[in-house]
Amino acid sequence: MTDEIDENHVESDEKSLKRDLERTQTETRTDRRNTAKEQWRTSPIDAYESGKLDKLGDSNRKRYLRQVRDFEEYLLTQIAPENKYDILGVRDAVESDVEEWKNESLIPRQKLGLGTIEGYLQGLRSFYTTLNEEDAFAGNPVRTPLSDFRDEYEDELGDAGRPYIPLTRLKTFMNWLDTPFARAMWLLAFKLGNRKGETINLDLRCLNIAHPVFDQIIAKHDINLDPRVRDRPDTLLIYGNFTKGSEMPNDNTPGWEGDGEIREAGNKRKRDTGSVMPVDSELKTALIEWLLVRPPTFHRDLHPLFAIGASSVRRPVTNTVECRLWLETYVDSIRRFAREESLEECPTCNTPVTAQNLETGEKTGRRYRCRNCSAVHWRSIFWGPQQTAENYDEFDTTYSTEQKVVYHQGRHTFSSAHSVKNSDLHDGVIPKAVRTEAIRGDSNNQGDTEDQVYIEDQYQNFEKDVREPYLHGAEGADGIYKFGLYDDLIPAVGEGWENE
């Protein structure tokens, strides 16, 4: 009997081997796979729970299911009754269904912050990815709606210290500014994406402004312009990379020894050779306006562009600039602007506006939607946190988060507003290589830059490769945005006037 069993076992092994060699997959495996596919196709959410989420913790499993079930409920109760097709479940969904769920259900909910809405879309995308893997669905209807959502709310979903502010609100703020110092300072941030330290470190020798006022000031101070801008009218030089506490100069500029000044602020610029930037008509007008009231620095060997003081004129330090731009004691500080600005009612129809996301949310840059006309508006560029009301002189502190517009905001606004994907902010598009490397001074491996390699050899013609796309944009679109600060602009090279 034992010998007979062994023979049968051997014969079974031989059949099994022969079957496996002759078939790509066995009939048994085919049957099992078909059964699994049937489960994923007939009850996709249940199969998702048991086959994909079973290894997750209880809270995470419930969260993923809640996201998918939320979409399923909207699909069956809101979309299906109004559709001519028979929509029976999530496998009948198309991209427009997800788009409607996002816009008509998720975003209007007061209790959902933008990060939570993004999480709902991510969870639903993961669900459809799994259905693809299980051969129960083709494509992913969430990919584009999620991408569009991230593009639209990019700045709000990012660092809370860098709130998204529409260009119209920035124009309001810029036109409110009342001193040449503040106008020139902020324009350098928003027009060229300067960091605060880079602006503080500017010297008169870094400018070449085609205007008699500039010529007179340069002559009176006996200044030799930096050779990098000397033959380029209406340009500005940002020094190359150096650290706080460095003695200037450190860029080995021929023919200039400097005065050995120790710089209180560093230049976080990736190009050691520095960056030459074009100056448009609006920035040019602001710089001339500032130079007309700038205190002279005849006592110095090195002449800072931004000089302050009366009896002892000097280059401002970082804290001084922050005070000038922020403290309410100054006539055009952000704090004072915030007191004068209000958005309690819709400017269009005078109806009270309603916050679109939770008032106690962690993110700043909060937007509002009018209940009556559905217009979207934005709160002030600044407000203080409720728990520190005494530090804001009883300023409006009805929100538990604070929003600050720091100088660095200009850097991100400049880059975002001139990008193709953010054309809703500004119609102009400045090529990435010009924005990131030539103007912002980034490299492709820097943390806050866009992923674009700038090949220096391809950008040797400053007028053609930098100034022209900066001023006039790409493919016929406008270039650098304008804030409308002046009725009569001083024309700049490349904008209706060419140097003879």
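Per chain, the residues get numbers from 1 upward, laid out in the order the sequence is written. pLDDT decides what is reported in this predicted model: residues at 70 or higher carry local features, side-chain atom pairs at 80 or more are listed and counted, and totals for whole chains, interfaces and linings draw on all residues regardless. Only hydrogens and water are set aside; all other atoms, that is, all heavy atoms of the structure, feed into the side-chain values.

The chain appears in an unreviewed UniProt entry as Core-binding (CB) domain-containing protein from Halorubrum yunnanense.

Undergrad: Explain the overall build of the chain to me, please; I cannot follow it from the model alone.
TA: Secondary structure elements are defined from DSSP: runs of H or I of at least 4 residues count as helices, runs of E of at least 2 residues count as strands, and each element is numbered from the N terminus. Within the chain, the secondary structure is distributed over 18 helices and six strands. For every residue, the accessible area (1.4 Å probe, protein chains only) is compared with the maximum for its type, and the residue is labelled buried under 20%, exposed over 50%, or partly exposed between those bounds. The buried share among the 500 residues of the chain stands at 50%. The accessible surface values rely on the Shrake-Rupley method and a 1.4 Å probe; as for residues, cover is taken only from the protein chains in view. With an accessible surface of roughly 25000 Å², the chain has 45% of that area assigned to carbon and sulfur atoms.

Undergrad: Which parts of the structure should I look at to understand the pattern of salt bridges?
TA: Side-chain pairs of opposite charge can arise where the charged atoms are in close proximity. Between Lys or Arg on one side and Asp or Glu on the other, a salt bridge is scored when a side-chain nitrogen of the former is within 4 Å of a carboxyl oxygen of the latter. The tally for this structure, following the rule as stated, stands at 21 salt bridges. Put simply, Asp280 and Lys191 hold a salt bridge, and the shortest N to O gap is 2.9 Å. One end of the pair, Asp280, is in the loop between strand 3 (275-278) and helix 13 (281-293); the other, Lys191, is in helix 10 (residues 180-192), with 89 residues separating them in the sequence. Across the pair, Lys191 and Asp280 agree in class, each one buried. With its nearest N and O atoms 3.6 Å apart, the salt bridge here joins Glu261 to Arg263. The exposure classification of Glu261 matches that of Arg263, with both residues buried. Overlapping salt bridges bring together Lys191, Asp280, Glu282, Lys482 and Glu495 as one network.

Undergrad: Just to check I follow, could you spell out helix 3 (residues 44-51) for this structure?
TA: Structural remark: α-helix, 3.6 residues per turn; residues separated by three or four positions point the same way. Every buried residue of helix 3 is accounted for by Pro44, Ile45, Ala47 and Tyr48. With its buried residues spanning 165° around the axis, helix 3 presents them on a single face. Relevant arc is that of directions from the helix axis to the C-beta atoms, nothing else.

Undergrad: What should I look at first to understand the pairing of strand 2 (residues 235-238) in this one?
TA: Sheet faces and side chains relate simply in a regular strand, where the side chains alternate between the two faces. Residues of strand 2 alternate between two faces, with Thr235 and Leu237 on one and Leu236 and Ile238 on the opposite face, all of them buried. Judged from the two bridges that link them, strand 1 (residues 207-208) and strand 2 form a sheet pairing that is antiparallel. Residue Asn208 lies in a different strand from strand 2, and its bridge partner there is Thr235. Bridging between strand 2 and strand 3 involves four bridges; their strand directions are antiparallel. Bridge assignment links Ile238 to a residue of strand 3, and that residue is Ser275. For two strands to be treated as a pair, DSSP must find at least two bridges joining them.

Undergrad: Would you mind going over the sheet that holds strand 1 with me for this structure?
TA: Strand pairing in a sheet is mediated by backbone hydrogen bonds. Such pairs are either parallel or antiparallel. Taking strand neighbours across the sheet as the criterion, the three strands line up as 1-2-3 in an open arrangement whose pairing is antiparallel. Taken across any chain shown, the strands that pair with only one partner, and hence form the sheet edges, are strand 1 and strand 3.

Undergrad: Got a minute to help me understand the side chain of His303 in this structure?
TA: Relative to the elements of secondary structure, His303 occurs in the loop between helix 13 and helix 14 (318-326). His303 gets classed as buried once you look at its relative accessible area, which sits at 8%. Pairing of N or O atoms within 3.5 Å defines a polar contact, subject to two protein rules: one partner must be a possible hydrogen donor and the other a possible acceptor, and residues neighboring in sequence count only if both atoms are side-chain atoms. A polar atom in the side chain of His303 sits 3.4 Å from the backbone oxygen of Arg300. When residues no more than four places from it in sequence are discounted, the contact partners of His303 are Asp203, Leu204, His221, Ile223, Arg294 and Thr297. Only heavy atoms enter the contact rule, under which two residues are in contact if any of them lie within 4.5 Å.

Undergrad: What exactly am I supposed to notice about unusual backbone geometry here?
TA: Leaving glycine aside, a negative phi is the common case for residues, and trans is the common case for peptide bonds. Phi is positive for Asp135, which is not a glycine, with a value near 60°. With respect to the helices and strands, Asp135 occurs in the loop between helix 6 (114-133) and helix 7 (143-152).

Undergrad: Would you mind going over the nonpolar core with me for this structure?
TA: If you look at soluble globular proteins, the nonpolar side chains tend to sit buried side by side. Counting 67 residues, the largest nonpolar core has Met174, Trp186, Leu305 and Phe483 as its most contacted members. When residues in this core are grouped by element, the largest group, 10 residues, is from helix 10. In this description, a nonpolar core means a group of buried Ala, Val, Leu, Ile, Met, Phe, Trp, Tyr and Cys residues linked to one another through side-chain atoms lying within 4.5 Å. By size, the runner-up hydrophobic cluster in this structure holds 33 residues, among which are Ile45, Ile79, Ile117 and Tyr128.

Undergrad: Quick question: what am I supposed to make of the environment of Gln78 here?
TA: If you trace the backbone, Gln78 turns up in helix 4 (residues 58-79). Judged by its relative accessible area of 43%, Gln78 is partly exposed. Along the chain, Gln78 and Asp97 lie 19 residues apart, while their C-alpha atoms are 9.8 Å from each other.

Undergrad: What should I look at first to understand the packing of aromatic side chains in this one?
TA: Planes of paired rings set the category: under 30 degrees apart is stacked, over 60 is edge-to-face and the rest tilted, where pairs are Phe, Tyr or Trp rings (Trp by its six-membered ring) whose centres lie within 6.5 Å. Tallied over the full model, the rule gives 16 aromatic pairs. Geometrically, the ring pair formed by Tyr128 and Phe137 is tilted, given 4.9 Å between the ring centres and 55° between the ring planes. An aromatic cluster of three or more residues is present, and its members are Phe173, Trp176, Trp186, Phe190, Phe337, Tyr407, Tyr481 and Phe483. Over the aromatic face of Phe181 sits the side chain of Arg324, whose NZ or CZ is 4.1 Å from the ring centroid. Criterion for a charge above a ring: Lys NZ or Arg CZ within 6 Å of the ring centre, and within 35 degrees of the ring normal.

Undergrad: Looking at this structure, how should I read the side chain of Thr297?
TA: Among the structural elements, Thr297 can be located in the loop between helix 13 and helix 14. A relative accessible area of 0% places Thr297 in the buried class. In this structure the side chain of Thr297 is engaged in a polar contact, spanning 2.8 Å, whose partner is the side chain of His303.

Undergrad: What is the right way to read helix 10 from this model?
TA: For helix 10, which comprises 13 residues, the first-to-last C-alpha distance of 17 Å matches the rise-based estimate of 18 Å (1.5 Å per residue) to within 8%. For helix 10, a buried count of 13 out of 13 residues is recorded, marking the element as mostly surrounded by other parts of the structure. Taken from the residues just after helix 10, Gly193 is the one with a positive phi, measuring 70°. Take the number of residues in a helix, subtract one, and multiply by 1.5 Å to get its expected span.

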